[in-house]
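# Structural overview for review
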Amino acid sequence: MKNSESTNTVKSNIVREPIGRITGRINKVFFKALKKRLSYLGIEHSFFPLLLIGLGNGELTQQNLADKLMTDKTRVVHIVDYLFDNGFVLRIKNKNDRREYKLHVTKKGSRAIPDIERIFNELAAISFKGLPSGKIADLYSMLYTIINNISCLKEETE
């Protein structure tokens, strides 16, 4: 057998590239572009959490944010600390529960939100170019189904 023939006989049981690898590559490119386009804001991450805090209209707690981001409260504390340290959010004690803090967007954060939304929309338009809106909706539906399907694996990742 020739040398070139032997390299062509390697078989794989993997039919497709793993979805985590595909979504990871998408995330890497998307996030780098997002970070570059929003560099003038002076923050390097936590753009989406800032949008969620803004949408909460001062009623969102750190636990609410953790639930929306599907992450643990410790991670959210780091996110909120980062946004607080950079002047984008405030923690205000809940009058009804002194152990709880409501998250508020500062004026600086409020000025940043329209730009973040605009850049998200620009990058989404680039990402979904050529895809009909129905296919985009189907894609999101399938991705959320996958998230629900793999939620049983969460214990293995902790």
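Here, the structure is the one placed above.
What comes next concerns the included structure. (Residues numbered from 1 in each chain as written. Predicted model: local features only at pLDDT ≥ 70, side-chain atom pairs only at ≥ 80, totals over all residues. Heavy atoms only, no water.)

### Some thoughts on the nonpolar core
Of all hydrophobic cores here, the largest spans 26 residues; its most connected members are Leu41, Phe47, Leu50, Leu65, Leu83, Phe88 and Ile116. Among the secondary structure elements, those contributing two or more residues to this core are helix H3 (47–55), helix H4 (62–69), helix H5 (73–85) and helix H6 (107–127). In terms of residues, this core owes the most to one element, H6, which gives 6 residues. The residues contacting leucine 83, other than those within four sequence positions of it, are Ile43, Ser46, Leu50, Ile53, Phe88 and Val89. (Core = buried A, V, L, I, M, F, W, Y, C linked by side-chain atoms within 4.5 Å. Buried < 20%, exposed > 50% of the residue type's maximum accessible area, 1.4 Å probe, protein only. Helix = DSSP H or I, 4+ residues; strand = E, 2+ residues; numbered from the N terminus. Contact = heavy atoms within 4.5 Å.)

### Remarks on a nonpolar patch on the surface
Residues Met70, Tyr140, Tyr144 and Ile147 make up a contiguous nonpolar surface patch of roughly 420 Å² in combined accessible area. Tracing the chain through its elements places tyrosine 144 in helix H7 (residues 133–150). A relative accessible area of 48% means that tyrosine 144 is categorised as partly exposed. (Patch = residues over 30% accessible without salt bridge, like charges linked within 9 Å, V, L, I, M, F, W, Y side chains within 5 Å. Areas by Shrake-Rupley, 256 points an atom, 1.4 Å probe, with all protein chains shown as cover. Salt bridge = Lys/Arg side-chain N within 4 Å of Asp/Glu carboxyl O.)

### A closer look at the packing of H3 against H4
Between H3 and H4, the shortest axis-to-axis distance is 11 Å and the interhelical angle comes to 125°. Here H4 runs oblique to H3, going by the angle between their axes. As for the relative orientation of H3 and H4, their crossing is right-handed in sense. On H4, the residues that touch Phe48, Pro49, Leu52 and Ile53 of H3 are Leu65, Lys68 and Leu69. Here the residues of the contact of H3 with H4 are counted per class, giving 6 nonpolar, no polar and 1 charged. (Axes fitted to C-alpha atoms, helices over the stretch in contact; angles between N-to-C directions. Parallel < 35°, antiparallel > 145°, perpendicular 65-115°, else oblique. Left-handed = near helix turned anticlockwise from the far one by under 90°. Nonpolar A, V, L, I, M, F, W, Y, C, P; charged D, E, K, R; others polar.)

In short, the description is geometric, and any link to function would need to be established separately.
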